[in-house]
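An overview of the molecular structure
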Amino acid sequence: MLKANFFLLVGANSIAFLCWNVRTYLINWYVLNETNSTFMVGIISAIPSLIAPFFSPYGGKLADQFSKTLIFLLTRIGILITFIILAFSIDLDILPWIGIIVSFVLYGIIAGVEISSSRSLIIDTVGINNITIGNSIMEFSTNTLNTLGPLLVVLFFSNIEDTSSFYSLIVAGLISLIFAFLLFIRFKSPEKNEESDKLKYSVYEGFIYAYSDVNIRILLILTSSVIFWGMSQPLIPKITRDVLGSDGTGYALLLASAGLGGILATILLPIFSRILRNSSGIVISIIIYSISLIAFSVTSSMLLSIIFLAISGFTYTIWFTVIIILLQSLPKKEFKGRVIGLFFTFIQVYGIGFILGGILADNYGVKFTIFLSSILLIFINLLPYMISKEFRDLKS
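Per chain, residue numbering runs from 1 following the sequence as it is written. In view of the model being predicted, local features appear only for residues whose pLDDT reaches at least 70, and side-chain atom pairs are presented and counted only at 80 or more, with totals across whole chains, interfaces and linings using the full set of residues. Hydrogens and waters are ignored; side-chain quantities use all the structure's heavy atoms.

Here's the deal with the nonpolar core
It is characteristic of soluble globular proteins that their nonpolar side chains tend to be buried jointly. In this structure, Ile27, Phe166, Leu327 and Phe343 are the most contacted members of the largest nonpolar core, which totals 107 residues. By definition, residues are in contact when any of their heavy atoms lie within 4.5 Å. If near-sequence neighbours (up to four positions away) are discounted, Phe343 is found in contact with Leu220, Thr223, Phe320, Ile323, Ile324 and Leu327. Residue types Ala, Val, Leu, Ile, Met, Phe, Trp, Tyr and Cys, when buried and joined through side-chain atoms within 4.5 Å, form a set referred to as a nonpolar core. Type-normalised accessible area, obtained with a 1.4 Å probe on protein chains alone, sets the label of each residue: buried when under 20%, exposed when over 50%, and partly exposed for intermediate values.

Overview of the pattern of salt bridges
In the sections that follow, a salt bridge refers to a side-chain nitrogen of Lys or Arg positioned within 4 Å of a carboxyl oxygen of Asp or Glu. Under the definition given, this model contains four salt bridges. The salt bridge involving Lys238 is made with Asp242; its shortest N-O contact spans 2.9 Å. Here Lys238 and its partner Asp242 are both found in helix H12 (residues 235-243), four residues apart, which amounts to about one turn of the helix. Overall, Asp242 belongs to the partly exposed group, its relative accessible area being 43%. A salt bridge links Arg241 to Asp242, with the shortest nitrogen-to-oxygen separation between them at 2.9 Å. Helical segments are the DSSP runs of H or I of at least four residues, strand segments are the runs of E of at least two, and each set is numbered from the N terminus.

Examining H12
Owing to its 3.6 residues per turn, the α-helix aligns residues three or four sequence positions apart on the same side. For H12, the set of buried residues is Leu235, Ile236, Pro237, Ile239 and Thr240. At the C-terminal side of H12, Gly245 shows a positive phi close to 65°.

Some points on a nonpolar patch on the surface
A patch is a set of surface residues, each over 30% in relative accessible area and not in a salt bridge, joined within 9 Å for like charges and within 5 Å for the nonpolar side chains Val, Leu, Ile, Met, Phe, Trp and Tyr. Methods summary: accessible areas were calculated by the Shrake-Rupley approach with a probe of 1.4 Å, and residue burial reflects only the protein chains presented. On the surface, a nonpolar cluster with roughly 690 Å² of combined accessible area is contributed by Ile84, Phe88, Leu92, Ile94, Leu95, Ile98, Val102 and Leu106. The dominant element in the nonpolar patch, judged by the number of residues it contributes, is helix H5 (residues 96-126), at three residues. As for its position among the elements, Phe88 is in helix H4 (residues 68-91). Residue class for Phe88 comes out partly exposed when judged on its relative accessible area of 38%.

A few points about the confidence of the model for the chain
Residue-level confidence of the predictor is what pLDDT reports, using numbers from 0 through 100. Within the chain, residue pLDDT values average 84, and 92% of them lie at 70 or more. Low pLDDT (under 50) marks residues 193-199, which in the prediction has three contacts with non-local residues, meaning those over four places away or in another chain.

Looking at the environment of Ile137
Tracing the backbone shows Ile137 in helix H6 (residues 131-156). Judged by relative accessible area, Ile137 falls into the partly exposed class, the value being 21%. Sequence separation between Ile137 and Ser14 is 123 residues; the distance between their C-alpha atoms is 10.0 Å.

Laid out in structure tokens, this is it:
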């Protein structure tokens, strides 16, 4: 039975991810309008993901050795500070580009430390037997808020080019912090295993452990394929403006449609867990995702664009959620935090994809970039499935 502590964690995590989504939405449109360059959109958006991998493994080590709720609370405070820096520097026009860079660098450091604790707390609050429903509820809440977030910004701020919209990040960040504080005072993390405390495995030993397990190694390789997902993301606002002939409201609708697809995925995943929660589910979902993204890149219809992005949101959520469920359930207890830390180290390479996507789109065009990224995404996910029987047989 799921308890109140879990829903406090859901509230804090979901609103935190909402902040990430709205921040990306606002900053991508801001940078595109200021520079008219997909490269600049990509490189600015990539800053946190380029910083976080250097800190995620150490965040995993901290999660294995100290109070996860305390780490989660302190990092929520830090991220709220980054939103304050970002909003005031842009809206008051006080060295806005420096404010953006400082805010994003700090965000990358703090998020890298936080992520292992926030994800490991799912297991602590629901138990290993409820991990699928726990992750599904988390992703359902996240996708629901991500669907509503851009739409609410458009509703409350008639024009997203109004820089006061950045203050919405402070409000949402404060709400997330309140949930994290309530979780901290209510929930005590399970006592550490004495033997694992004595061993105090290093980050390097955690990496060796992950590499030595065939399925964990392959799952982390698949995670790194998110670099090709990232190549397409800076192009969505440009397609919205230049191909679909829409504005910030249209961009919000497209992001919301992807969120709706994600909501449906989180509903169906627990129901069809035996079908989806395995290596086949991972590979099939990413193939469909790639095809839907190619279709999005060649249509000039807003309606079809919304449908294709909804499909992409559905399949990407299946892919992401199944990988993280498997990585939460496969490792030994004393290595769980480190493996999750490695997962969020590998997944941060999407930032490199942001930069590559921006460069390729500026030089070779949007369609070429999306076609290339989609083909590579299919290849990286399909190859291990074809050559490894152990991975093909993987189920959680």
